[in-house]
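# Observations on the three-dimensional arrangement
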Amino acid sequence: MNLLLQKLHAFRFQILLLGIGLLNLKLLDVILQLSSQTFIYPDSFSYFDAATDLFLHLRGHCYRPIGFAFLTGLPYLFGAKGVVIFSWSVGLNVFFWLGSALILFELAKQHCSAGWAFAVALVYLSCVGPATITQHLLTENCYTFIILVFLFFWDRHQRSNTYLFLALAVSVILFSMLVKPGSKFLAILVLVYSISRIYTHRKAKVNWFIYGVLGLIAIQLIGMKAQFGNATLSYIDGITYHNYLCTKAVCLEQGVPYHQINNERAAYLHQFPLPERKRIAAADFKTQLMGNTVNMGKAYLSNLWDNTISGSPYIQDCVNRNAEPTFNKTKEIVFRVSKWQNRLFTTAGFLLAIGYLVVYSRAGKSIAMTAIVLLYIVLLSGVSCSQGDRFHLVIFPLTLILIVRFLTDLKQKKALN
């Protein structure tokens, strides 16, 4: 009994975080009627299709890689029907969301006391954007969890210089490519940076994690080549920058408003086979960048601005199914909270990330990597828009890490003075 009490006391913060997180999610469910909503987003259908294709037809999906498809399609192994995938994804997302809070707690403890780290994790759990998106078959919570696991192992490697943690960090960031294809440049950067150390320890057994993930990436590339015609992780990148960034640049050049829906350029691109779409999108990007440079810059900045100031569409799209008289007012308040959380976390994170990269030698490699990942995610989001706060949800815990470090540095500086 005493041993059990000791264990409970040792993990009291983690247990409290799990309990408070679930209570907060239940509260949001009550006031926004989350579990009563029936709307399914187009992207969610594509992730469902990817899971179905992988498990029932043993084939890939043109837009969604096998990583997230495998995780969401696991119920198929037990004979589940397709509708179960959506219910399963909610539980999976809640797991990733709570897991992100626990890893954030561990990372924050490296810069402050356990009590303050607990408070930091609570702040993350209070962010309504990441909480409400758990109800949808989307990758944001999974990707947040993966990024935090990567930073956790990276931090352990920097503190202990143990190769095991570096190998695990590289494996995790490589796997992120199979969840979010846009992560590929970040993963390649980390791999190139670490390659000499990996070569030095090339006989280490832990490298099988790296080889295993590289094998999965090879399967993805070979499968896409055989099925669709190009050895690519996904065709989503060309479609995205063509339909959002380049099309907005054309609209600015022509002096007409940009519309995501009923987009003539998107309709034109969609009529071609996938390899041709990829070629057309790449050629168009080059044309716009070289011949319409100013408007491309304006479109990019406009996208960044839109992604920074927007709130959660998953709150805005909630419907008052239970005929609650205060529902619309409450929903508007929560939506405004999501907008300001996005604005504050994105702005603070961006500024702190730049600041810590400037003082890289004093910040250390763990904080520098956190800053690099944050900037990468924010700057990459500029290729798209009209998705609310979705693109920036991943950086919320990273911003909290940088804020904790900044406040700790400030406190130490005052103590020295």
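Check the entry above for the structure.
Described in the following lines is the structure provided in the data block. (Residues numbered from 1 in each chain as written. Predicted model: local features only at pLDDT ≥ 70, side-chain atom pairs only at ≥ 80, totals over all residues. Heavy atoms only, no water.)

Looking now at empty space enclosed by the protein. Scanning all chains against the criterion turns up two cavities of 30 Å³ or more. Its volume calculated, the largest cavity comes out at about 70 Å³. Counting residues per element, the ones that place at least two in the lining of the largest cavity are α8 (140–160) and α19 (365–380). Top contributing element to the lining of the largest cavity by residue count: α8, with three residues. (1 Å grid on protein atoms, 1.4 Å probe; cavity = no way out; pocket = protein on both sides within 12 Å on 5 of 7 lines; lining within 4 Å. Points joined across faces, edges and corners; volume = space filled by probe spheres on them. Helix = DSSP H or I, 4+ residues; strand = E, 2+ residues; numbered from the N terminus.)

With that out of the way, let us pick up the environment of Phe95. If you trace the backbone, Phe95 turns up in helix α5 (residues 84–108). Take Phe95: its relative accessible area is 52%, and that puts it in the exposed class. Along the backbone, Phe95 and Lys109 are 14 residues apart, and their C-alpha atoms lie at a distance of 21 Å. (Buried < 20%, exposed > 50% of the residue type's maximum accessible area, 1.4 Å probe, protein only.)

Describing an aromatic ring pair means giving the distance of the ring centres and the angle of the ring planes. Enumeration according to the criterion identifies 21 aromatic pairs in this entry. Consider the rings of Phe13 and Phe105, whose centres lie 5.8 Å apart with planes at 45 degrees: the pair is tilted. Note that Phe13 is positioned in helix α2 (residues 12–32) and Phe105 in helix α5, a separation of 92 residues in sequence. Of the residues examined, Phe105 reaches a relative accessible area of 1% and is grouped as buried. Following the ring pairs from residue to residue traces out a cluster consisting of Phe13, Phe105 and Phe118. Positioned over the ring face of Tyr47 is Arg64, at 4.2 Å from the centre of the ring. (Phe/Tyr/Trp six-rings, centres within 6.5 Å; stacked < 30°, edge-to-face > 60°. Lys NZ or Arg CZ within 6 Å of the ring centre and 35° of its normal.)

The next point concerns the nonpolar core. By size, the foremost hydrophobic cluster in this structure holds 101 residues, and its most contacted members are Ile147, Phe150 and Val373. Dropping the residues within four chain positions of it, Val373 is found in contact with Ile147, Phe150, Leu151, Leu186 and Leu398. Core analysis: the next-biggest nonpolar cluster, separate from the first, contains eight residues, Cys62, Tyr63, Leu269 and Ile280 among them. (Core = buried A, V, L, I, M, F, W, Y, C linked by side-chain atoms within 4.5 Å. Contact = heavy atoms within 4.5 Å.)

Take the layout of surface pockets next. Approximately 470 Å³ is the volume attributed to the second largest pocket. Together, 16 residues line the second largest pocket, and Tyr356, Val359, Arg362, Asp409 and Leu410 are the ones closest to its centre. Elements represented by at least two residues in the lining of the second largest pocket include exactly α17 (327–358), α18 (360–363) and α20 (396–416). In terms of residue count, the dominant contributor to the lining of the second largest pocket is α20 (eight residues).

This part is about the environment of Ser176. Its location among the elements puts Ser176 in the loop between α9 (163–175) and α10 (184–200). On the basis of relative accessibility, which here comes to 0%, the residue Ser176 falls in the buried class. Along the sequence, Ser176 and Tyr143 sit 33 residues apart, while their C-alpha atoms lie 6.9 Å from each other. Setting aside residues no more than four positions away along its own chain, Ser176 makes contact with Tyr143, Ile146 and Ser183.

Checked against the element boundaries, Thr134 lands in the loop between α7 (128–132) and α8. What makes Thr134 buried here is its relative accessible area of 0%. Apart from the residues within four sequence positions on either side, Thr134 is in contact with Leu25, Ser89, Val90, Asn93, Val94, Trp97 and Asn141.

A contiguous nonpolar surface patch, about 470 Å² in accessible area, is contributed by Leu4, Leu5, Leu8, Phe11 and Ile15. With three residues, helix α1 (residues 2–10) is the largest single contributor of residues to the nonpolar patch. Here Leu4 is to be found in helix α1. (Patch = residues over 30% accessible without salt bridge, like charges linked within 9 Å, V, L, I, M, F, W, Y side chains within 5 Å. Areas by Shrake-Rupley, 256 points an atom, 1.4 Å probe, with all protein chains shown as cover. Salt bridge = Lys/Arg side-chain N within 4 Å of Asp/Glu carboxyl O.)

What follows concerns α8. Taking 1.5 Å as the rise per residue, α8 with 21 residues should run 30 Å; its terminal C-alpha atoms sit 30 Å apart, in good agreement. Counting buried positions along α8 gives 17 out of 21 residues, so the element sits mostly inside the fold. A positive phi of about 60 degrees marks Asn161, the residue just after α8. (Expected span 1.5 Å × (residues − 1).)

Now for the environment of Leu374. Considering the arrangement of structural elements, one finds Leu374 in helix α19. For Leu374 and Val394, which are 20 residues apart along the polypeptide, the C-alpha to C-alpha distance reads 8.4 Å.

Below, the discussion takes up α19. Within an α-helix, residues lying three or four positions from one another point in the same direction, as the helix has 3.6 residues per turn. Spanning 16 residues, α19 covers 22 Å between terminal C-alpha atoms, matching the ideal 22 Å at 1.5 Å per step. Along α19, twelve of the 16 residues are buried, which leaves the element largely enclosed by surrounding structure. Turning to α19, its buried residues are Ser366, Ile367, Ala368, Met369, Thr370, Ala371, Val373, Leu374, Leu375, Tyr376, Ile377 and Val378. Lining the buried residues of α19 we find α8, α10, α15 (293–309), α17, α18 and α20.

So, about the packing of helix α12 (residues 236–254) against helix α14 (residues 274–291). Where α12 meets α14, the closest approach of the two axes is 9 Å, and the angle between their N-to-C directions is 35 degrees. Crossing geometry of α12 relative to α14 is assigned as left-handed. In contact with Asp237, Gly238, Ile239, Tyr241, His242, Leu245, Cys246, Ala249 and Val250 of α12, α14 contributes Arg277, Lys278, Ala281, Ala282, Asp284, Phe285 and Gln288. (Axes fitted to C-alpha atoms, helices over the stretch in contact; angles between N-to-C directions. Left-handed = near helix turned anticlockwise from the far one by under 90°.)

On to the packing of α10 against α19, then. Between α10 and α19, the shortest axis-to-axis distance is 10 Å and the interhelical angle comes to 155 degrees. Judged by the angle between their axes, α10 and α19 are roughly antiparallel. Handedness of the α10/α19 crossing: right-handed. For the pair α10 and α19, the contacting residues are Lys184, Phe185, Leu186, Leu189, Val190 and Tyr193 in the first and Lys365, Met369, Ile372, Val373 and Tyr376 in the second. In terms of residue class, the contact of α10 with α19 is made up of nine nonpolar, no polar and two charged. (Parallel < 35°, antiparallel > 145°, perpendicular 65-115°, else oblique. Nonpolar A, V, L, I, M, F, W, Y, C, P; charged D, E, K, R; others polar.)

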